[in-house]
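# Descriptive structure summary
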Amino acid sequence: MTFAVENASGMEHELVVIETGRTAAKLPIVNGKASEKGSVGEVALAGHKSKRLTLKLEKGHYALVCNVGGHYMAGMRADLTVR
Ligand SMILES: [Cu+2]
């Protein structure tokens, strides 16, 4: 699976792909950030940059999060199910 990741803002963001049974909104919190336990890959993007992230994902549930600063806590997260 290839993620075409576009950072449309002027600030740094990242995409971390975490294999987890938890929903993206319910990850354990460590020092104000989402735990990245189960991470299978990530990509960081400076402002207005685009990158591709190719991962071989097993069937299951994944949380997609940005863990820069307080972005996760602000809601920068999504769920992904691979069938
Ligand atoms: Cu972010």
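Summarised in this report is the structure supplied together with it. Here the structure is a predicted model, which means the values were calculated and not measured.

### Quick notes on the pairing of strand β2 (residues 13–19)
Of all 7 residues in β2, 6 are buried, a share of seventy percent or more. Pairing between β2 and strand β5 (residues 39–45): 6 bridges, direction antiparallel. Of the residues in β5, the one forming a bridge with His13 is Leu45. For β2 and strand β7 (residues 60–65), the ladder comprises 4 bridges, and the chain directions are antiparallel. Residue pairing across strands places Val17 opposite Leu64, the latter belonging to β7.

Calculation criteria
Residues numbered from 1 in each chain as written. Predicted model: local features only at pLDDT ≥ 70, side-chain atom pairs only at ≥ 80, totals over all residues. Heavy atoms only, no water. Buried < 20%, exposed > 50% of the residue type's maximum accessible area, 1.4 Å probe, protein only. Helix = DSSP H or I, 4+ residues; strand = E, 2+ residues; numbered from the N terminus. Pairing = 2+ DSSP bridges.

All we've got here are geometric facts, nothing functional implied.
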